[in-house]
Amino acid sequence: MRIKELQRFLPEFVYGGIDGSVTTFAVVAGAAGAGLESPVIIILGFANLIADGFSMSVGSYLSNQSERHHYEKYHRLENHEVLHNPEEGKEEIREIYYQKGFRGELLDKIVTHITSNEKLWVETMMREELKMLPADKSPFALGLSTFISFVLIGLIPLLVYVIDYIQPLGINLFYWASGLTSAAFVFIGVLKSYVNERSIIRGVSETLLLGIIAAALAYLVGDVLEQIF
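Residues numbered from 1 in each chain as written. Predicted model: local features only at pLDDT ≥ 70, side-chain atom pairs only at ≥ 80, totals over all residues. Heavy atoms only, no water.

Peer 1: Hey, could you go over the side chain of Glu128 for me, with residue numbers and the actual values?
Peer 2: Considering the arrangement of structural elements, one finds Glu128 in helix α6 (residues 118-129). On the basis of relative accessibility, which here comes to 16%, the residue Glu128 falls in the buried class. Within the structure, the side chain of Glu128 is placed 3.4 Å from the side chain of Arg127, a separation counted as a polar contact. Each residue touching Glu128, except ones within four places of it in the same chain, is listed here: Ile96, Tyr97 and Lys100. (Helix = DSSP H or I, 4+ residues; strand = E, 2+ residues; numbered from the N terminus. Buried < 20%, exposed > 50% of the residue type's maximum accessible area, 1.4 Å probe, protein only. Polar contact = N/O pair within 3.5 Å; in protein donor to acceptor, adjacent residues only side chain to side chain. Contact = heavy atoms within 4.5 Å.)

What follows is the structure, given as structure tokens:
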């Protein structure tokens, strides 16, 4: 797949990555706050990673599939109107471009041009009257992109625990997991700024703040519950 094709799915990658890193790190922080052992943290983290990633990707797929079906439904209705009630359809086109400021002979030419082409006519009604545009991305590809980014970025908070389980490192695992996850937040924040065309500092700050708050709450809950039970 070409670079430009991949860039079309960047928004899904960004938001899947944000959700993956935040939720998985929250699980790690909660487990660390409760004083759970590394194997338990790994099990909880991977269970969350796969289950939530799959759930989010299915939600993305179903949402985009529903939007596509919604568009197709109204496309059929507009096409039926063009075929079976063309005079009313022409008046709607005339009204649309009248509201845009066209008058007289120029307005007549625009209406004639648009209504002389059935495909153009229907597409104009969809875009100008209903404010609906056709989906240009596959729902399956959107869901897959979301799942991949959720798992890839969400894996980062667990990496140090997995490595330590294979080969003990003798370090504070939660501190290292926090550092690696912060780097992931910065990376995702930069991509988010690119997608939203906003300040990089703002994008990174928002993502970092979201992750810190989620992790702090999870750690606090884990610590409190560990003391209770």
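Text resumes after the structure shown.
Peer 1: Tell me what's going on with unusual backbone geometry, and back it up with residues and numbers.
Peer 2: Positive phi outside glycine occurs at Lys131, with the angle close to 60°. In this structure, Lys131 sits in the loop between α6 and α7 (139-154). On the basis of relative accessibility, which here comes to 63%, the residue Lys131 falls in the exposed class.

Peer 1: Would you mind going over a nonpolar patch on the surface in detail, with residue names and values included?
Peer 2: Together, Leu159, Ile163, Leu169, Ile171, Tyr175, Trp176 and Leu180 make up a nonpolar patch on the protein surface, roughly 670 Å² of accessible area in all. At the level of elements, α8 (156-166) and α9 (173-196) are the ones that each hand at least two residues to the nonpolar patch. The biggest single contributor to the nonpolar patch is α9, with 3 residues. Secondary-structure assignment places Leu169 in the loop between α8 and α9. (Patch = residues over 30% accessible without salt bridge, like charges linked within 9 Å, V, L, I, M, F, W, Y side chains within 5 Å. Areas by Shrake-Rupley, 256 points an atom, 1.4 Å probe, with all protein chains shown as cover. Salt bridge = Lys/Arg side-chain N within 4 Å of Asp/Glu carboxyl O.)

Peer 1: I'd like a rundown of the nonpolar core, residues and numbers included.
Peer 2: Judged by nonpolar contacts, the single largest core of 26 residues is most densely connected at Val14, Val28, Tyr161 and Phe174. A total of 10 residues in this core trace back to one element, the largest contributor, which is helix α2 (residues 10-33). Phe174 has contacts with Phe25, Val28, Ala29, Ala32, Tyr161 and Tyr219, leaving out every residue within four places of it along the chain. Val82, Ile93, Ile110 and Met132 belong to the second largest nonpolar core, which has 14 residues in total. (Core = buried A, V, L, I, M, F, W, Y, C linked by side-chain atoms within 4.5 Å.)

Spatial relationships are all this shows, so hold off on functional conclusions.
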